[in-house]
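# Coordinate inspection notes
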Amino acid sequence: MRLQGKVAVVTGAASGFGEGIARAYAAEGCKVVVADLNLEGAQRVAGELGNVAVAIGGDVSKGPDCQAMVDRALDAFGSLDIVVNNAGTTHRNKPILDVTEAEFDRVYAVNVKSIYWMTQAAVPVLRRQGRGGSIINISSTAGIRPRPGLTWYNGTKGAVNTITQAMAQELAKDNIRVNAICPVMGATALLTEFMGMEDTPENRAKFVATIPIGRMSQPSDIANAAVWLADPASSFITGILLPVDGGRTA
């Protein structure tokens, strides 16, 4: 029970990495706000976790929705200790000139501006409580070793990485730690968009061949890292970009 007594907001928690993180947190004694644009999915996950979890719908690219997620934690559980900025999106893997302005705007709003909004909502609470906290941004190996065809998505994750390191320095005096997890491609709902092709065993094999350990990331891989970065055992760790990538960035 490494997170006993803690309260977390996890965005994008109705599926994929976010669901894995929410489940791992609950298993470690944490109370969890399961936040997602897909309210029905968030309610399913929270319902399965029981009385340690509550659900809320919302769009992380909108300030009032992020504020509502933080308020949900305070209303339901009385405090806040951990924020996991996991919700994300991408444009389809395709030539750089084929990405539309609407696609560009959406990927930056969801992947980057969401962190701005959640910071505005959560940091005042963490400061007021006076006991610090842990903010974990789910970035990507795309921000460290980008693949072609995903230029603008890669740029959002480069921004997340820089933001993480700058936030860590600025908030260290408040004992608010800020770290990023950088997963390699995983079998999530966005897989076909990342690959830019049909999800077939043959196409998956092309991407798996670039990962030394020989498989894609799993929700449990990311969840294990997210538990550690929220655990008091990592209390001296801030500002890191942690690749969880089977050796891809090496």
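Everything in this summary refers to the structure shown in the same document. These numbers come from a predicted model, not from an experiment.

### Quick look at the pattern of salt bridges
Tallying each qualifying case throughout the model produces 11 salt bridges. Between Arg2 and Asp231 there is a salt bridge, with the nearest N and O atoms lying 3.8 Å from each other. Linking Arg2 in the segment before strand 1 (7–11) with Asp231 in the loop between helix 8 (219–230) and strand 7 (241–244), this pair joins segments that are 229 residues apart in sequence. A salt bridge links Glu103 to Lys94; its shortest N-O distance comes to 3.0 Å. Through salt bridges with shared partners, a single ionic network connects Glu19, Arg23, Arg44 and Glu48.

### Quick look at the packing of aromatic side chains
Summed over the entire model, instances satisfying the criterion amount to 3 aromatic pairs. Geometrically, the ring pair formed by Phe104 and Trp152 is edge-to-face, given 5.4 Å between the ring centres and 75° between the ring planes. Pair noted here: Phe104 is in helix 4 (residues 101–129) and Trp152 is in helix 5 (residues 151–171), with a separation of 48 residues, a long-range link. With 5.0 Å between their ring centres and 65° between their planes, Tyr116 and Trp117 make a pair best called edge-to-face. Judged by relative accessible area, Tyr116 falls into the partly exposed class, the value being 43%. An aromatic cluster is defined as three or more aromatic residues linked by ring pairs; in this entry it consists of Phe104, Tyr108 and Trp152.

### A short note on the pairing of strand 4 (residues 82–85)
With burial as the criterion, each face of strand 4 is covered, one bearing Ile82 and Val84 and the other bearing Val83 and Asn85. In this structure, strand 1 lies alongside strand 4, joined through 3 bridges in parallel fashion. Looking at strand 4, one finds that Val9 is bridged to Val83. Both strand 4 and strand 5 (residues 133–138) contribute to a ladder of 4 bridges, which runs parallel. Directly across from Val83, in strand 5, lies its bridge partner Ile135. Regarding topology, helix 4 serves as the crossover connection from strand 4 to the parallel strand 5, and that connection is right-handed.

The rules behind each value
Residues numbered from 1 in each chain as written. Predicted model: local features only at pLDDT ≥ 70, side-chain atom pairs only at ≥ 80, totals over all residues. Heavy atoms only, no water. Salt bridge = Lys/Arg side-chain N within 4 Å of Asp/Glu carboxyl O. Helix = DSSP H or I, 4+ residues; strand = E, 2+ residues; numbered from the N terminus. Phe/Tyr/Trp six-rings, centres within 6.5 Å; stacked < 30°, edge-to-face > 60°. Buried < 20%, exposed > 50% of the residue type's maximum accessible area, 1.4 Å probe, protein only. Pairing = 2+ DSSP bridges. Right-handed = clockwise from strand over helix to strand, strands pointing away.

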